[in-house]
Amino acid sequence: MGLFDKLRNKPKELSIEDKEEYVYSIYQVIDRKCNFKENLDILNHWERTLYIAIILEIDVHNGGFEEYFCSQSADYYKDAVSSFEELGSYEAANICHRAISALGEELPVNRQERENYYNDMIEDSIDEILYDCEVELKEKSDELTSLYYDYIKNNEACFTD
């Protein structure tokens, strides 16, 4: 078999849509496993890492960092930066760090207290930083999907029911 035969027989790269569908199906399994963000302690390290990154990205896509910080997802904000780092997206980790830092390094863990804190802290300069972070994170969506996909595939044995 020649070089060109090997290239012709190379498995086709999945489209971003196919990867997105696969990642979302894994996310749904993890979401049910942890009772929809109620018990992340039940997740193993790999599931938790992936899940924390995805729930942040979903919230930001749905309503920006305001949606994230005022939701149950941000109960795990302290793990967001390290989750993106472990997934291999240091840029997304940096974006999250900037968004968190805009509100202060220590946010209340309780959702209602965090929402009140957010509403008390928000001003035009902070809102602008959060908006810039939102736009930057949304621009990384396809890249993040590919990283999620690769992370799942590289740790496949860790993503079981």
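Presented here is an overview of the structure given in this document. (Residues numbered from 1 in each chain as written. Predicted model: local features only at pLDDT ≥ 70, side-chain atom pairs only at ≥ 80, totals over all residues. Heavy atoms only, no water.)

**As for the pattern of salt bridges**
One pass over the full model with this rule turns up 10 salt bridges. A salt bridge links Lys33 to Glu47; the shortest N-O distance between them is 2.9 Å. Pair noted here: Lys33 is in helix α2 (residues 16-33) and Glu47 is in helix α3 (residues 45-69), with a separation of 14 residues, a long-range link. Given the relative accessible area of 27%, Lys33 is considered partly exposed. Residues joined in a network through salt bridges with shared partners are Glu91, Lys140 and Glu143. (Salt bridge = Lys/Arg side-chain N within 4 Å of Asp/Glu carboxyl O. Helix = DSSP H or I, 4+ residues; strand = E, 2+ residues; numbered from the N terminus. Buried < 20%, exposed > 50% of the residue type's maximum accessible area, 1.4 Å probe, protein only.)

**Regarding unusual backbone geometry**
For Asn35, which is not glycine, the phi dihedral falls at a positive 55°. Here Asn35 lies in the loop between α2 and α3. Its identity is not glycine, yet Lys37 carries a phi of approximately 80°, on the positive side. Positionally, Lys37 belongs in the loop between α2 and α3.

**A look at the nonpolar core**
Counting 48 residues, the largest nonpolar core has Leu50, Leu56, Phe65, Tyr68, Phe69, Phe84 and Tyr148 as the members making the most contacts within it. Elements that contribute at least two residues to this core include exactly α2, α3, α4 (80-87), α5 (90-103), α7 (124-139) and α8 (141-154). Of the residues forming this core, the biggest block, 11 residues, is contributed by α3. With residues up to four places along the chain from it excluded, the contact list for Leu50 reads Ile26, Ile30, Leu87, Tyr148, Tyr151, Ile152 and Phe159. (Core = buried A, V, L, I, M, F, W, Y, C linked by side-chain atoms within 4.5 Å. Contact = heavy atoms within 4.5 Å.)

**Overview of a negative patch on the surface**
Together, Glu66, Glu67, Glu123, Asp124, Asp127, Glu128 and Asp132 line one region of the surface with negative charge. Ranked by the residues each element gives to the negative patch, the list is headed by α7, at 4 residues. For Asp124, the position within the fold is in helix α7. Classification of Asp124 as exposed rests on a relative accessible area of 68%. (Patch = residues over 30% accessible without salt bridge, like charges linked within 9 Å, V, L, I, M, F, W, Y side chains within 5 Å. Areas by Shrake-Rupley, 256 points an atom, 1.4 Å probe, with all protein chains shown as cover. Lys, Arg positive; Asp, Glu negative; His and termini not counted. Charge placed at Lys NZ, Arg CZ, Asp CG, Glu CD.)

**A look at the packing of α4 against α5**
For the pair α4 and α5, the least separation of the axes is 7 Å and the interaxial angle reads 170°. In terms of their interaxial angle, α4 and α5 are classed as roughly antiparallel. Judged by residue contacts, Val81, Phe84 and Glu85 of α4 engage Tyr90, Ala92, Ala93, Cys96, His97 and Ile100 from α5. Of the residues belonging to the contact of α4 with α5, the class tally is 7 nonpolar, 1 polar and 1 charged. (Axes fitted to C-alpha atoms, helices over the stretch in contact; angles between N-to-C directions. Parallel < 35°, antiparallel > 145°, perpendicular 65-115°, else oblique. Nonpolar A, V, L, I, M, F, W, Y, C, P; charged D, E, K, R; others polar.)

**A closer look at the packing of aromatic side chains**
Taken as a whole and assessed by the stated rule, the structure comprises 8 aromatic pairs. Measuring from centroid to centroid gives 5.4 Å for Tyr22 and Tyr149, while their planes differ by 70°, and the two rings are edge-to-face. On the criterion of sequence distance, the pair formed by Tyr22 in helix α2 and Tyr149 in helix α8 is long-range, its members being 127 residues apart. Classification of Tyr22 by relative accessible area gives partly exposed; the value is 25%. Taking relative accessible area as the criterion, Tyr149 reaches 14% and is therefore assigned buried. Arranged with centres 6.2 Å apart and planes meeting at 75°, the rings of Tyr151 and Phe159 form a pair that is edge-to-face. (Phe/Tyr/Trp six-rings, centres within 6.5 Å; stacked < 30°, edge-to-face > 60°.)

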